[in-house]
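Structural overview for review
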Amino acid sequence: MSNHKNDLASMSVRQLIARRRALAARLADVQEVLSGSLAEQARRCSKAGCRCATGEGHGPYSYFTPRAGGRGRSRYVPSGLVEVVRRYLQHGEAAEAVLAEISAVNAELLARRELR
Ligand SMILES: [Zn+2]
(Lines give C-alpha, C1' and ligand atoms only; values in the text may rest on other atoms or scores of the structure.)
Protein backbone atom coordinates (compact mmCIF):
# COMPACT_ATOMS: atom_id res chain seq x y z
CA MET A 1 0.00 0.00 0.00
CA SER A 2 2.27 2.74 -1.22
CA ASN A 3 -0.37 5.11 -2.53
CA HIS A 4 -0.45 8.52 -0.98
CA LYS A 5 -2.92 11.30 -1.52
CA ASN A 6 -0.66 12.69 -4.26
CA ASP A 7 -0.86 9.43 -6.22
CA LEU A 8 -4.63 9.61 -6.22
CA ALA A 9 -4.56 13.29 -7.18
CA SER A 10 -2.50 12.45 -10.26
CA MET A 11 -4.93 9.76 -11.45
CA SER A 12 -7.77 10.32 -13.88
CA VAL A 13 -11.37 9.71 -12.80
CA ARG A 14 -11.35 6.56 -14.92
CA GLN A 15 -8.19 5.34 -13.18
CA LEU A 16 -9.66 6.14 -9.78
CA ILE A 17 -12.78 4.12 -10.52
CA ALA A 18 -10.68 1.21 -11.85
CA ARG A 19 -8.55 1.36 -8.70
CA ARG A 20 -11.67 1.33 -6.54
CA ARG A 21 -12.98 -1.72 -8.38
CA ALA A 22 -9.64 -3.56 -7.98
CA LEU A 23 -9.58 -2.74 -4.26
CA ALA A 24 -13.15 -3.95 -3.77
CA ALA A 25 -12.24 -7.23 -5.50
CA ARG A 26 -9.69 -7.83 -2.74
CA LEU A 27 -12.54 -7.85 -0.22
CA ALA A 28 -13.82 -11.09 -1.73
CA ASP A 29 -14.06 -12.94 1.56
CA VAL A 30 -15.12 -10.57 4.31
CA GLN A 31 -16.66 -13.27 6.45
CA GLU A 32 -13.39 -14.43 7.98
CA VAL A 33 -12.45 -11.26 9.84
CA LEU A 34 -11.74 -10.39 13.45
CA SER A 35 -10.85 -7.04 14.99
CA GLY A 36 -8.79 -7.19 18.11
CA SER A 37 -5.62 -8.78 19.37
CA LEU A 38 -4.24 -12.14 20.34
CA ALA A 39 -1.87 -12.38 23.31
CA GLU A 40 -0.24 -15.10 25.35
CA GLN A 41 -0.46 -15.02 29.10
CA ALA A 42 0.67 -17.27 31.91
CA ARG A 43 -1.94 -17.96 34.58
CA ARG A 44 -1.87 -18.86 38.26
CA CYS A 45 -4.18 -21.53 39.58
CA SER A 46 -5.61 -21.65 43.09
CA LYS A 47 -4.16 -25.02 44.08
CA ALA A 48 -2.40 -24.79 47.43
CA GLY A 49 1.34 -25.30 47.13
CA CYS A 50 1.37 -25.27 43.33
CA ARG A 51 4.64 -24.15 41.79
CA CYS A 52 2.80 -21.36 40.00
CA ALA A 53 2.24 -19.47 43.25
CA THR A 54 5.89 -18.51 43.48
CA GLY A 55 7.36 -19.29 40.10
CA GLU A 56 6.13 -18.98 36.57
CA GLY A 57 2.44 -19.43 35.95
CA HIS A 58 0.84 -22.17 33.88
CA GLY A 59 0.74 -21.89 30.13
CA PRO A 60 1.23 -19.58 28.43
CA TYR A 61 -2.34 -19.64 27.15
CA SER A 62 -3.73 -17.57 24.31
CA TYR A 63 -6.39 -14.90 24.79
CA PHE A 64 -8.32 -12.88 22.27
CA THR A 65 -9.29 -9.32 23.15
CA PRO A 66 -11.88 -7.68 20.90
CA ARG A 67 -11.16 -4.18 19.61
CA ALA A 68 -12.11 -1.58 22.20
CA GLY A 69 -15.61 -0.37 21.57
CA GLY A 70 -17.03 -3.76 22.35
CA ARG A 71 -16.88 -4.99 25.89
CA GLY A 72 -13.15 -5.56 25.52
CA ARG A 73 -13.17 -8.70 27.61
CA SER A 74 -10.37 -11.18 26.88
CA ARG A 75 -11.43 -14.70 26.03
CA TYR A 76 -9.42 -17.86 26.23
CA VAL A 77 -8.54 -19.33 22.82
CA PRO A 78 -7.93 -23.10 22.75
CA SER A 79 -4.59 -23.96 21.17
CA GLY A 80 -6.36 -25.68 18.27
CA LEU A 81 -7.98 -22.37 17.31
CA VAL A 82 -4.99 -20.05 17.66
CA GLU A 83 -4.00 -20.33 13.99
CA VAL A 84 -7.60 -19.75 12.89
CA VAL A 85 -7.83 -16.63 15.06
CA ARG A 86 -4.50 -15.42 13.65
CA ARG A 87 -5.80 -15.87 10.11
CA TYR A 88 -9.04 -14.00 10.88
CA LEU A 89 -7.08 -11.16 12.48
CA GLN A 90 -4.86 -10.87 9.40
CA HIS A 91 -7.89 -10.85 7.11
CA GLY A 92 -9.52 -8.23 9.32
CA GLU A 93 -6.50 -5.93 9.16
CA ALA A 94 -6.22 -6.37 5.40
CA ALA A 95 -9.94 -5.65 4.92
CA GLU A 96 -9.71 -2.49 7.04
CA ALA A 97 -6.72 -1.30 5.03
CA VAL A 98 -8.56 -1.91 1.75
CA LEU A 99 -11.66 -0.08 3.03
CA ALA A 100 -9.47 2.87 4.03
CA GLU A 101 -7.99 2.95 0.52
CA ILE A 102 -11.41 2.79 -1.13
CA SER A 103 -12.52 5.60 1.16
CA ALA A 104 -9.51 7.68 0.07
CA VAL A 105 -10.39 7.08 -3.60
CA ASN A 106 -13.97 8.14 -2.91
CA ALA A 107 -12.77 11.27 -1.08
CA GLU A 108 -10.73 12.14 -4.17
CA LEU A 109 -13.76 11.53 -6.42
CA LEU A 110 -15.84 13.73 -4.12
CA ALA A 111 -13.25 16.51 -4.32
CA ARG A 112 -13.69 16.43 -8.10
CA ARG A 113 -17.49 16.26 -7.81
CA GLU A 114 -17.30 12.85 -9.50
CA LEU A 115 -18.77 10.79 -6.68
CA ARG A 116 -22.07 9.20 -7.63
ZN1 LIG B 1 -0.75 -23.68 39.60
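Structure: above.
A short tour of the structure in this document, coming up. All values derive from a computational prediction rather than experimental measurement.

In summary, soluble globular proteins display a tendency toward joint burial of nonpolar side chains. Leu8, Met11, Leu16, Leu23, Leu27, Ala95, Val98, Ile102, Val105 and Leu109 together form the largest nonpolar core, which totals ten residues. At the level of elements, helix H2 (13–25) and helix H3 (82–111) are the ones that each hand at least two residues to this core. Among the elements that line this core, the one with the most residues is H3, at five residues. With five residues, the next largest nonpolar core counts Val77, Val82, Val85 and Leu89 among its residues.

Before going further, it helps to examine the pairing of strand E2 (residues 58–66). Of the strand pairs in this sheet, strand E1 (residues 36–43) and E2 are connected by seven bridges, and their pairing is antiparallel. The partner of arginine 43 across the bridge, within E2, is histidine 58. In the sheet, E2 pairs with strand E3 (residues 75–77) via three bridges, with the strands oriented antiparallel. Paired with serine 62 across the two strands is valine 77, which belongs to E3.

Take the coordination of the zinc ion next. Surrounding the zinc ion are the protein donor atoms Cys45 (SG), Cys50 (SG), Cys52 (SG) and His58 (NE2), at 1.9 to 2.3 Å. Geometry at the zinc ion is tetrahedral, judged from its four donor atoms and the angles of 103 to 115° they form at the metal. As a motif over one chain, the donors of the zinc ion read C-x4-C-x1-C-x5-H. By relative accessible area, cysteine 50 is classed as buried at 16%.

The rules behind each value
The numbers attached to residues start from 1 for each chain and follow its sequence in the written order. Confidence filtering applies because this is a predicted model: local features only for residues at pLDDT of at least 70, side-chain atom pairs given and counted only at 80 or more, and all residues used for totals across whole chains, interfaces and linings. Side-chain metrics in this entry use all non-hydrogen atoms of the structure; hydrogen atoms and water are not considered. By convention a nonpolar core is built from buried Ala, Val, Leu, Ile, Met, Phe, Trp, Tyr and Cys residues, the set being connected through side-chain atoms within 4.5 Å. For the exposure calls, accessible area comes from a 1.4 Å probe over protein chains only, and a residue counts as buried if that area is under 20% of its type's maximum, exposed if over 50%, partly exposed in between. Helical segments are the DSSP runs of H or I of at least four residues, strand segments are the runs of E of at least two, and each set is numbered from the N terminus. Should DSSP find at least two bridges between two strands, the strands are taken to pair. Coordinating donors are taken to be N, O and S atoms lying within 2.8 Å of the metal, or within 3.2 Å when the metal is Na, K or Ca; because water is excluded from the atom set, some sites may appear incomplete. Angle rules define the geometry names used: all angles between 85 and 135 degrees makes four donors tetrahedral, while opposite donors over 155 degrees apart and all other angles between 65 and 115 make four donors square planar and six octahedral, leaving every other case irregular.

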